[in-house]
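Listed below, chain by chain, are the residues.
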Amino acid sequence: MTTESEIAPNEHQLFKQLVGFLELIKESSVKFDPRYILRVFRELTAIRRQISADDLVRLVHQFYPAIHPNVENLIEALTPFRISLTENTGDEMEIDNDQTSDSHEVLPEIDVFVHLLVQIFLHDKGETKALYNFNKHVINVLKTYNYRTLDYIQAKVWYYIFRASELANDLVNIRVELMNAFRTATLRHDTETRASVITLLLRDYILSNDINQAYNLVEKTEFPDEASNPVVARYYYYLARIHTIQLDYSSALECVTTAIRKCPQTKNASGFLQSATKLQIIIQLLTGEIPELSSFENPQLVKSLKAYSEVTKAVRLGDLTIFSDALETFGEQLKKDKNYNLVLRLRQNVIKTGIRIISLTYKRISLKDICIKLHLDSELTAEYVVAKAIKDGVVEAMIDHTKGYMESLEVSDVYSSVAPQEEFDRRIKFCMQLHNDSVKAMRYPMNKERRDVDADIQAREREQELLQFLQEEDF
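Residues numbered from 1 in each chain as written. Predicted model: local features only at pLDDT ≥ 70, side-chain atom pairs only at ≥ 80, totals over all residues. Heavy atoms only, no water.

Engineer: Quick one: what's the story with the packing of helix α2 (residues 35–47) against helix α6 (residues 108–124), residue by residue and with numbers?
Structural biologist: At a minimum axis distance of 13 Å, the contact between α2 and α6 shows a crossing angle of 25 degrees. With respect to each other, α2 and α6 are oriented roughly parallel. Of the two possible hands of crossing, α2 and α6 adopt the one that is right-handed. In this structure, α2 uses Val40, Phe41 and Leu44 to contact α6, whose residues at the interface are Phe113, Leu116, Leu117 and Ile120. For the contact of α2 with α6, a count of residues per class yields seven nonpolar, no polar and no charged. (Axes fitted to C-alpha atoms, helices over the stretch in contact; angles between N-to-C directions. Helix = DSSP H or I, 4+ residues; strand = E, 2+ residues; numbered from the N terminus. Parallel < 35°, antiparallel > 145°, perpendicular 65-115°, else oblique. Left-handed = near helix turned anticlockwise from the far one by under 90°. Contact = heavy atoms within 4.5 Å. Nonpolar A, V, L, I, M, F, W, Y, C, P; charged D, E, K, R; others polar.)

Engineer: Please provide a residue-by-residue account of a nonpolar patch on the surface, values included.
Structural biologist: Where nonpolar side chains cluster on the molecular surface, the patch consists of Phe424, Ile428 and Met432 and spans about 320 Å² of accessible area. In this structure, Ile428 sits in helix α21 (residues 419–440). On the basis of relative accessibility, which here comes to 40%, the residue Ile428 falls in the partly exposed class. (Patch = residues over 30% accessible without salt bridge, like charges linked within 9 Å, V, L, I, M, F, W, Y side chains within 5 Å. Areas by Shrake-Rupley, 256 points an atom, 1.4 Å probe, with all protein chains shown as cover. Salt bridge = Lys/Arg side-chain N within 4 Å of Asp/Glu carboxyl O. Buried < 20%, exposed > 50% of the residue type's maximum accessible area, 1.4 Å probe, protein only.)

Engineer: Can you explain the packing of aromatic side chains? Please cite residues and give values.
Structural biologist: Scanning all chains against the criterion turns up five aromatic pairs. Relative to Tyr160, the ring of Tyr159 lies with its centre 5.1 Å away and its plane at 80 degrees, an arrangement referred to as edge-to-face. Its relative accessible area of 7% is what places Tyr160 among the buried residues. An aromatic cluster is built from Phe223, Tyr235 and Tyr236, whose rings are joined through pairwise contacts. Taking NZ or CZ as reference, Arg58 lies 3.8 Å from the ring centre of Phe15, over its face. (Phe/Tyr/Trp six-rings, centres within 6.5 Å; stacked < 30°, edge-to-face > 60°. Lys NZ or Arg CZ within 6 Å of the ring centre and 35° of its normal.)

Engineer: Explain the nonpolar core to me, using residue names and the numbers behind them.
Structural biologist: Judged by nonpolar contacts, the single largest core of 131 residues is most densely connected at Phe113, Ile153, Trp158, Leu202 and Ile370. The greatest single-element share of this core, amounting to 10 residues, is contributed by α6. Counting residues domain by domain, this core receives three or more from each of domain 1 (268–361) and domain 2 (364–419). Non-local contacts of Ile370, meaning those with residues more than four positions away in its chain, are made with Ile358, Ile365, Ala382, Val386 and Met406. (Core = buried A, V, L, I, M, F, W, Y, C linked by side-chain atoms within 4.5 Å. Domains from an automatic or database assignment.)

Engineer: Give me the lowdown on the pairing of strand β3 (residues 405–408), citing residues and values where you can.
Structural biologist: Burial of the side chains of β3 extends over both faces: Tyr405 and Glu407 are buried on one face and Met406 and Ser408 on the other. Relative to β3, strand β1 (residues 364–366) runs antiparallel, the two being bridged by three bridges. Looking at β3, one finds that Arg364 is bridged to Glu407. The sheet contact formed by strand β2 (residues 397–400) and β3 spans four bridges and is antiparallel. Within the sheet, the bridge partner assigned to Met398 lies in β3 and is Glu407. Once β2 ends, the chain turns through four residues before running back antiparallel as β3, passing Gly404 with a positive phi of about 70 degrees. (Pairing = 2+ DSSP bridges.)

Next up, the structure:
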């Protein structure tokens, strides 16, 4: 028999905190204010790995009537992980069931949130198969509700549904459910779920290397601007990866910069920050820029960016030997980050940087010496590479084919071109976009009392106008 006196104090406190979460969610559904749900998510992050199956079973018995159709699936999913397999035998359980026996229904918000807690528990335990099977029931539960107070909770639920399919290598079959969820969320004007499902579909296509499908999804859908910052950050990260693969480096750099700026500044988001920073460094190198040294000095990123620091060094020096050594040493890490193919594109940038350094150092140099300095195969290859660099505007030079040398020309004044104006225009657009995003990010509670006050003020104004009109008529 399990009594309350046998429960450890920390477990009792944890269970009380879970009950408090459900009370806040109930308050959110009554007041139609999503800020209570967001508060629950913030506090849940700190205790999610301390939640046990026994806590969740007690929660189900306390808030669900025994005849509720979802109780059986919830208990079945948690039973293999309970410390004590006795169900509903303690005095405390009997008291909790008596408290809920009068209510025949459970609030939809509480029902979906309890399913989310079970998903989080199975995910943190590494039980991929159990989570995958449980998600089939969760999808059916989501289809039975249509409330706007569920938007933020449903978005989280769909993330764990997709995560289980990703771990189970079932990326193709889950697309049907994601498409149905996206259609439903669009028809219901469910902003948060629609934004979350779009990011999940993009991740699905990218992991399956269906870049054309991902690009078509971006082109034919409109990402909601009112979505929360973590979802927006993921969307722009996937968008940056799509643009990078399609060689649109300028758009990719803008997207990955926005993703880093939107990323939550917490320790829990350090993994996403590392991935986004790695992609940003590669994109900057592909565009011909050298990342700032401060990008590699962040304490959270120093260890993970060692490979990218070596690649940056090779590009900055224009040395193919250092570049080849970096690929050989850190090739496995780059493949694990799924950036190996993008780094291979930097070989041409290493050669271009070497040619630029040579053109600034020598007024005239033979193609044979260029071949030796850049470790190229032959003079013909060196001539082709130099010609390509001249055509792309990397260097201002000319090639003498008969005598076999490259002669550097005088560098024109950059301030006589439109480059400063374009850079100034780009900075102005960035500041304006930052201001617009800040304004859109401001949230206000959806309070009925405020609407009533506005209605009273308008009624008083109309009354004053009517009195003034009557007085004028009397005169």
